[in-house]
Amino acid sequence: MAKLKSITKLNKWFDGINEPLIIAGPCSAESEEQIMQTAKEIAALGKIKVFRSGIWKPRTRPGNFEGVGEEGLQWLQNVKKETGLLTAIEVANPEHAELAIKYNVDILWIGARTTSNPFSIQELADYLKGYDKPLMVKNPINPDVSLWVGALERFHKAGINKLAAIHRGFYPFEATTLRNIPKWEVAIELKSMCHDLPIICDPSHIAGNTDFIGEISQKALDLNMDGLMIETHYNPTVALSDMNQQLTPKELDSLLDELIFRRTTTKDADFTSILETLRSKIDSIDQQMLELLSQRMNTVEEIGKYKSKNEVTILQLRRWENIMSTRLKLGKSLGLTEDFIKKLLQLVHKESIQRQTEVMNKMTSSAKKE
Ligand code: PEP
Ligand code: MN
């Protein structure tokens, strides 16, 4: 168990906050007009209390829009005055935190890239000591629950009790339909390590486009997560960052109408019953397993093309023997039975040969036509 005691429940962070907590707002603050317009439309829905907006944007490569900086904090204050919404921004270093406090931002969050670096987290925790600032910590880029919980522990040790986690998915090791792979089992693991810790899901960064936001949000609610953070922009087509994944306030409204907010039957603060939790783990693992198998078959087809070009036979016995023996050894060390590993490998191998045959036949017949 992680040492996270006396965590303040989300609905005690501010008056009038409900659970699940819905946070909405643009990926980035771009201009005062843009955040004011977006905030007014969000506030008018009457369903949202917290407005998010990136002020400094962590970009993978330089040259993309890196945020408006301090100027945006004044705009956010105006938004708060005008709409009554609470405000939330990302901070990545003590200077950001200092400015956020100076301009009375209500909630701070730590971005995924920052959570991945314990040095940055410690600097921020040292700075925030003594300020009673509500803080949300996004998961690190890698699916490493210890790194995530470690960051939360550093802030907790600095005296922060208004603490929550944000699950935004993990960098995929292979191309997937989603921008970030959810790996729900990691969020479930965090919850089982710290029962009192609220966890909010960020379906926008998991999805990477607007098609899957509803589905992911529903899944998060079904796992009894404590809230959603959804990127929303009055006109996503002109957004300077993450334009594909932002909803309009109107779309957000219909999405919230369609979501089913189930009440948990159990009284404890766990996501859901043990059975449901385990089933979610299985679902997530199966999805990853199928995605990996699909990647394997695509690679097999690539090999088929290469073999065809170089006129090599499909079955190469030594390679197959090597696959069998290395996989058997690995599988056994992972606790799988020999019989199961053999059957699985034979099945995969059979499908692979079929795929290669199809590719090679196609290439030969098109070569004949030329
Ligand atoms: C964001 O919330 O806009 C953001 C940059 O998210 P993340 O840290 O999850 O990539
Ligand atoms: Mn974003």
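Residues numbered from 1 in each chain as written. Chains lettered and ligands numbered in written order. Predicted model: local features only at pLDDT ≥ 70, side-chain atom pairs only at ≥ 80, totals over all residues. Heavy atoms only, no water.

## Some thoughts on the coordination of the manganese ion (ligand 2)
In a perfect tetrahedron of four donors around a metal, the angles come out at 109.5 degrees. In a perfect octahedron of six, they are 90 or 180 degrees.
In step 1: Here the manganese ion (ligand 2) is held by the protein donor atoms C27 (SG), H205 (NE2), E231 (OE) and D242 (OD), which lie 2.1 to 2.4 Å from it.
In step 2: For the manganese ion (ligand 2), all donor residues lie on one chain, and their spacing in sequence is C-x177-H-x25-E-x10-D. In this pair, C27 is assigned in the loop between β1 (21-25) and α1 (32-44) and E231 in strand β8 (residues 227-231), connecting sequence segments 204 residues apart. Each of the two residues, C27 as well as E231, counts as buried. (Donors = N, O, S within 2.8 Å, 3.2 Å for Na, K, Ca; no water. Helix = DSSP H or I, 4+ residues; strand = E, 2+ residues; numbered from the N terminus. Buried < 20%, exposed > 50% of the residue type's maximum accessible area, 1.4 Å probe, protein only.)

## What about the side chain of S280?
In step 1: As for its position among the elements, S280 is in helix α11 (residues 274-309).
In step 2: The contacts of S280, once residues within four sequence positions are left out, are I188, K219 and L223. (Contact = heavy atoms within 4.5 Å.)

## So, the domain arrangement of the protein
In step 1: Per the domain assignment, the segments making up the protein are domain 1 (10-258) and domain 2 (269-369).
In step 2: For domain 1 and domain 2, the distance between their C-alpha centres works out to 37 Å.
In step 3: The interface of domain 1 with domain 2 comprises 20 residues on the first partner and 14 residues on the second.
In step 4: Carbon and sulfur atoms make up 58% of the surface buried where domain 1 meets domain 2, a total of about 1,600 Å² over both sides.
In step 5: The largest share of the area that domain 1 buries against domain 2 comes from E185, I188 and L223, three residues that together contribute 30% of it.
In step 6: Counting across the interface, domain 1 meets domain 2 through one salt bridge. (Domains from an automatic or database assignment. Buried area = accessible area lost by both parts, 1.4 Å probe. Salt bridge = Lys/Arg side-chain N within 4 Å of Asp/Glu carboxyl O.)

## Details of the sheet that holds β1
In step 1: Judged by pairing direction, the barrel is parallel, and its eight strands sit side by side in the order β1-β2-β3-β4-β5-β6-β7-β8 before closing back on the first. Across this sheet, the average inter-strand angle for adjacent strands is 25 degrees, counted without regard to direction.
In step 2: Pairing analysis gives two bridges linking strand β7 (residues 199-201) to β8, with the strands arranged parallel. Each bridged residue has a counterpart across the sheet, and for I200 the counterpart in β8 is G227.
In step 3: Running at roughly 155 degrees to strand β3 (residues 86-90), helix α2 (residues 70-83) makes contact with β2 (50-52) and β3 of the sheet. (Pairing = 2+ DSSP bridges. Axes fitted to C-alpha atoms, helices over the stretch in contact; angles between N-to-C directions.)

## A look at the site of ligand 1
In step 1: Taken together, the neighbourhood of ligand 1 is formed by 13 residues, with R52, K57, R113, K138 and R168 sitting nearest.
In step 2: Between ligand 1 and R113, the relevant distance is 2.9 Å, taken from an oxygen atom to a side-chain nitrogen or oxygen of the residue.
In step 3: A total of 300 Å² of accessible area belongs to ligand 1 in isolation, and the protein chains cover 97% of it.
In step 4: The residue inventory of the shell around ligand 1, partitioned by class, reads four nonpolar, two polar and seven charged. (Near = heavy atom within 4 Å. Polar contact = N/O pair within 3.5 Å; in protein donor to acceptor, adjacent residues only side chain to side chain. Areas by Shrake-Rupley, 256 points an atom, 1.4 Å probe, with all protein chains shown as cover. Nonpolar A, V, L, I, M, F, W, Y, C, P; charged D, E, K, R; others polar.)

## A look at unusual backbone geometry
In step 1: E19 connects to P20 through a cis peptide bond whose omega is -10 degrees.
In step 2: As for its placement among the helices and strands, P20 is situated in the segment before β1.
In step 3: Of note, N104 is a non-glycine position whose phi angle comes to about 60 degrees, a positive value.
In step 4: Note on placement: N104 falls in the loop between α3 (94-102) and β4 (107-110).

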